[in-house]
Amino acid sequence: MTTPTTQAQSWLDTFGEALARGDATAAAALFEEDCYWRDLVSFTWNIKTAEGREAVRGMLEATLAATRPWHWRVEGEASEAGGVTEAWFTFETAVARGKGLLRLKGDRCWTLLTTMVELKGFEEPRGAARERGVEHGGQPGRKSWAELRAQEAAELGFTKQPYVLIVGGGQGGIALGARLRRLGVPAIIVEKNARPGDSWRNRYKSLCLHDPVWYDHLPYLPFPDHWPVFSPKDKIGDWLEMYTRVMELNYWGSTTCNKARYDEAAGEWVVEVERDGVPVTLRPKQLVFATGMSAVANLPKFAGAESFLGEQHHSSQHPGPEGCAGKKVVVIGSNNSAHDICAALWEHGVDVTMVQRSSTHVMKSATLMELALGGLYSEQAVANGIDHHKADLIFASVPYKIMPALQVPVYEEAKRRDADFYDRLEKAGFMLDFGEDGSGLFMKYLRRGSGYYIDVGASELVANGSVKLKSGVKVERINAHSITLDDGTELPADVIVYATGYASMNGWVAQIVDQETADKVGKCWGLGSGTAKDPGPWEGELRNMWKPTQQPDLWFHGGNLHQSRHYSQFLSLQLKARYEGLPTPVYGLAPSYHPS
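What you are looking at is a predicted structure, and each value in this text was computed from that prediction instead of being measured.

Calculation criteria
Residues numbered from 1 in each chain as written. Predicted model: local features only at pLDDT ≥ 70, side-chain atom pairs only at ≥ 80, totals over all residues. Heavy atoms only, no water. 1 Å grid on protein atoms, 1.4 Å probe; cavity = no way out; pocket = protein on both sides within 12 Å on 5 of 7 lines; lining within 4 Å. Points joined across faces, edges and corners; volume = space filled by probe spheres on them. Helix = DSSP H or I, 4+ residues; strand = E, 2+ residues; numbered from the N terminus. Nonpolar A, V, L, I, M, F, W, Y, C, P; charged D, E, K, R; others polar. Expected span 1.5 Å × (residues − 1). Bend = angle between axes of the 7 residues up to and from the residue. Buried < 20%, exposed > 50% of the residue type's maximum accessible area, 1.4 Å probe, protein only. Pairing = 2+ DSSP bridges. Axes fitted to C-alpha atoms, helices over the stretch in contact; angles between N-to-C directions. Contact = heavy atoms within 4.5 Å. Right-handed = clockwise from strand over helix to strand, strands pointing away. Core = buried A, V, L, I, M, F, W, Y, C linked by side-chain atoms within 4.5 Å.

Caption draft 1: Main features of the layout of surface pockets. Taken as a whole, the second largest pocket holds about 860 Å³ of empty space. Around the second largest pocket, the lining comprises 24 residues; the ones closest to its centre are Glu131, Gly133, Trp145, Arg181 and Glu248. Listing elements by their share of the lining of the second largest pocket, those giving two or more residues are helix 4 (145-155) and helix 5 (171-183). Element by element, the count of residues in the lining of the second largest pocket is highest for helix 4, at 4 residues. Classifying every residue of the lining of the second largest pocket gives 7 nonpolar, 5 polar and 12 charged.

Caption draft 2: Summary view of helix 18 (residues 561-579). With 19 residues, helix 18 should cover 27 Å at 1.5 Å per step; its first-to-last C-alpha distance of 26 Å lies within 8% of that length. The sharpest bend along helix 18 measures roughly 35° and falls at Ser568. Summarising burial for helix 18: 18 of the 19 residues are buried, a large majority. In the stretch just after helix 18, Gly581 is the one whose phi turns positive, near 75°.

Caption draft 3: How the structure looks around the sheet that holds strand 6 (residues 108-119). A sheet is described by the order of its strands in space; here 6 strands give the open sequence 2-1-6-5-4-3, paired in mixed fashion. Where the open sheet ends on each side, the last strands, each with one partner, are strand 2 (47-51) and strand 3 (70-81). Pairs of neighbouring strands in the sheet enclose a mean axial angle of 15°, with direction left out of account. Here strand 4 (residues 84-92) pairs with strand 5 (residues 96-105) via 9 bridges, running antiparallel. Bridge assignment links Phe91 to a residue of strand 5, and that residue is Gly98. The strands that helix 1 (residues 4-20) touches are strand 1 (31-40), strand 3, strand 4, strand 5 and strand 6; relative to strand 3, the one it contacts most, it runs at about 150°. Along the sheet, helix 3 (residues 53-67) makes contact with strand 1, strand 2 and strand 6, crossing strand 1 at roughly 45°.

Caption draft 4: Here's a closer look at the pairing of strand 16 (residues 351-356). Counting buried residues along strand 16, 5 of its 6 residues qualify, which places the element largely inside the surrounding structure. In this fold, strand 15 (residues 328-332) hands off to helix 8 (residues 336-347), which returns the chain to strand 16; that crossover is right-handed. Pairing analysis gives 4 bridges linking strand 16 to strand 19 (residues 468-471), with the strands arranged parallel. The partner of Met354 across the bridge, within strand 19, is Leu469.

Caption draft 5: Representation of unusual backbone geometry. The omega torsion of the bond from Gly536 to Pro537 falls at 5°, within 30 degrees of zero and hence cis. Although it is not a glycine, Val41 adopts a positive phi angle of roughly 80°. Here Val41 lies in the loop between strand 1 and strand 2. When its relative accessible area of 0% is taken as the criterion, Val41 is described as buried.

Caption draft 6: View of the nonpolar core. Residues Val164, Val271, Leu287, Val331 and Phe556 are the most contacted members of the largest nonpolar core, which totals 134 residues. By residue number, the principal contributor to this core is helix 18, which donates 7 residues. Not counting chain neighbours up to four residues away, the residues in contact with Val331 comprise Ala338, Ile341, Cys342, Leu345, Val352, Thr353, Met354, Val355, Val497 and Ala499. Counting residues in hydrophobic clusters, the runner-up holds 29 residues, among them Ala27, Leu30, Leu64 and Phe89.

Purely geometric numbers; function is a separate question.
Structure, rendered in structure tokens:
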């Protein structure tokens, strides 16, 4: 009797046999013509999606000899729905163990996800392999845990060099640091703020995570089960500080990264930092920019800005509403930060106007949680056996090429369900969109990292006029006490907040390394979809994120808490392999596009 499980195992057996004899053509013939194989490091030492049967064959021809995959086994029971058989499986390569997710249409593969789980011989010391922590018996001169930690802190960066230097100590740098610590890779995290979590604490006080708790766990230590669904910024800050201590990370706060250059002859970076006012030169082999996808503040250049006599600042520098009492505030922008800031100002009785220059996608938080996230990241998902580890892999198994079509029905239902809400917003003059192809929030985030607001209350203030709105206009000039818009309107202003987003992460490379290296790497983030702020050509993966770049030994790590957690695993394994001297032949190194 054929079951989904036997069908999946039969496919894996045939696939494995073709791979074992090096027959890429026979292996590729097991795929649909319109198929997708997404590999996270295990075959390609890259993050790469092969789209179509010929691309699968090409990838296998280039990688099989070095990878030597085998031992393909279905894990658990496969399932079938709507003509698609779905099965989890495990496999091995010459150097690693892996896990994947297979989807079959009939007897051919539609989508395949392969991920590296661990390197053979370099497994994390967990469970039964955990360290003892103490050796019983008499040992003259033995050092305590505290003494060993103090010794490491005194040596690393001075008499001993880190293998990896992570620039940026927010959630991304901390998550990657924890992964590397577990893998035994010497690393230092440098952060300009004094304490871990300050990048959250220093933001406007009403800031709260718009993603639910199930989506936001850090590696190894999930939030406790009483943690609020939406975490306030200071609570997240405290958690990050605690996490850094518990995971024993080498975290240099109050440290500015001033300059870096790549010494090609030595195969290492020379990085000048200033720690508590003292210059230190570090020589790591690998340099990771973990400055966050929201990296270099994008400050527009408006005519007359230098003549403004009030206060003006970017939203990342906004201190909160307390100093704005009795003042007129204009917030330029209409995405997440703009809405949060406007709502907090209104709550403090401030006269605030939002200037919306282009349309924004808005999604009510409760609707987003139910329709878009609930199946993978919710209490119900956990009850159904889908923890965040499994959810991460399910999400990763959907190729970006087909994701928009799968997302459209979610946002069509949201429009139907919240029709009155959207109608009231539009009547207030707010310009709405659901993405150029109706695919909504996630695709906007992946394509451009902006253009949306997850509504946690501010939209109602816009709809009812509590927060004033000027939409469909551009800023013509800034005056001494006002802003002139291109429709002739003049808005009185004592404070201007530029909620105008962020530029690409390679902007930090331009500042710290040089413009030539930034251009060599090219734009970070985006898929090449050809939609607004995501120019083509199509790449199929996020540009430069968590994978090798055109600049040797230079990496980028960023994104939301979910991405920081999930992709830190694959970046840390790439770095560990290089630390141990394992061959890491990269397949499909992405060309550099869009230097600025």
